[in-house]
Amino acid sequence: MRRFGYLAPKSVSEAVSVLAEHAAVAKVIAGGTDLVVQMKDGVRRPEVVIDITGIDELRLLEERDDGLHLGALVRMGEIETHPLIIEKYPILVDSAKLVGSKQVRNLATIAGNTCNASPGADTPPALIALDAQVHVLGPRGPRVVPIDRFFVGPGRTVLEPGELVTKFVLRKAAPNEGAYYERHTPRKELDIAVVGVGAWVRLNGETIEDARIGLAAVYPTPLRATEAEAALRGKPFGQAALDAAALAAVAQARPISDVRGSADFRRWLIDVLVRRAVTNAVARARGGGPRAGETH
Ligand SMILES: Cc1cc2nc3c(=O)[nH]c(=O)nc-3n(C[C@H](O)[C@H](O)[C@H](O)COP(=O)(O)OP(=O)(O)OC[C@H]3O[C@@H](n4cnc5c(N)ncnc54)[C@H](O)[C@@H]3O)c2cc1C
């Protein structure tokens, strides 16, 4: 690993000012579970590493009038065990619990998983399903980016040099809503998604009033499956709606063939997992369904 400078700001405003000063050559480090690996492999070579782990403001985790505020530094391990998240936002538990090992989850942050912008990352589809708003602060002030417009390519986001993700805001969960994430991997743990699907629904009786679907590992970015959502919206929950949503999601995806699976296998998995994710999201909206994190 090459030598690099190290800065450890103690507040968000200090972080933004040191980030702006070194914007072209700096990288933020949170849990380091992606960045350190990339630096060791020489994939990333920042001249300055800005350690944000000492900034307590970024550890926020609370429900306010407008919804759940999830600070950038909230770790996977905290999401898995937090009673409020387990009760009201179980899809976050489903996805966080699948990330790496316990050791990885004790370091890995929600913003790191998002900002790394891997097409196969597990929490972005859940955040897409929950319509998360990404709060960003940079030299030109704050801005809010809807999660489905945050990713622009593999490893690339809309973040400008010097910008920091501060938190995610998720709309308050309502009783007639449910959401669920599941992925396929050959191994149960310590493996990357071959396909991942997060689904959120709002029911009105037997009708799916609204739906959002996020997909992992089937497109150059985490993908919002808008066509599948449209196939569900306003339809009675049942076989016909599931058939239409699965077909639409497969059509919108652009899976590649790689060591984890062929494009055809991925298309087949999208079909299976969209049906399963929507069915389990509906079950949760009805007050039942799998417990948080019970995705296998
Ligand atoms: C063994 C192993 C297994 C893994 N398995 C999985 C898996 O199954 N599923 C999965 O999704 N991931 C997996 N990962 C990847 C990794 O754990 C996650 O992507 C993790 O959430 C990254 O968070 P971090 O805090 O460690 O990020 P870091 O490594 O600190 O940062 C990642 C990137 O995000 C940027 N960044 C971090 N925080 C901010 C911020 N607040 N604002 C702006 N930019 C920021 C950094 O500059 C860097 O580019 C695995 C990793 C390992 C090592």
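Look above for the structure.
Keep in mind that what you see is a predicted model, and the values were worked out from it rather than measured. (Residues numbered from 1 in each chain as written. Predicted model: local features only at pLDDT ≥ 70, side-chain atom pairs only at ≥ 80, totals over all residues. Heavy atoms only, no water.)

**A few points about the sheet that holds strand β6 (residues 133–138)**
Backbone hydrogen bonds hold the strands of a sheet together, and the pairing may be parallel or antiparallel.
Argument step 1. Strand order in the open sheet made by the 5 strands is β4-β5-β10-β6-β7, with antiparallel pairing throughout. Sheet topology places β4 (61–64) and β7 (141–146) at the edges, where each strand pairs with a single neighbour. With direction set aside, neighbouring strand axes in the sheet form an average angle of 25°.
Argument step 2. Bridge count for strand β5 (residues 67–71) against strand β10 (residues 164–170) is 4 bridges, and the pairing is antiparallel. Residue Leu70 lies in a different strand from β10, and its bridge partner there is Phe168.
Argument step 3. Sheet contacts for helix α1 (residues 12–21): β6 and β10; angle to β10, the most-contacted strand, approximately 135°. (Pairing = 2+ DSSP bridges. Helix = DSSP H or I, 4+ residues; strand = E, 2+ residues; numbered from the N terminus. Axes fitted to C-alpha atoms, helices over the stretch in contact; angles between N-to-C directions. Contact = heavy atoms within 4.5 Å.)

**Some points on the site of the ligand**
Argument step 1. Every one of the 33 residues lining the ligand counts as a neighbour, but Val28, Gly31, Thr33, Asp34 and Thr109 are closest to it.
Argument step 2. Here Gly100 contributes a backbone N or O atom positioned 3.1 Å from a nitrogen atom of the ligand.
Argument step 3. Asp191 places a polar main-chain atom, nitrogen or oxygen, 3.2 Å from an oxygen atom of the ligand.
Argument step 4. Relative to its unbound accessible surface of 990 Å², the ligand loses 89% to contact with the protein.
Argument step 5. Per-element tally for the shell around the ligand: the top contributor is helix α7 (residues 110–115), with 4 residues.
Argument step 6. Split by residue class, the shell around the ligand holds 20 nonpolar, 8 polar and 5 charged. (Near = heavy atom within 4 Å. Polar contact = N/O pair within 3.5 Å; in protein donor to acceptor, adjacent residues only side chain to side chain. Areas by Shrake-Rupley, 256 points an atom, 1.4 Å probe, with all protein chains shown as cover. Nonpolar A, V, L, I, M, F, W, Y, C, P; charged D, E, K, R; others polar.)

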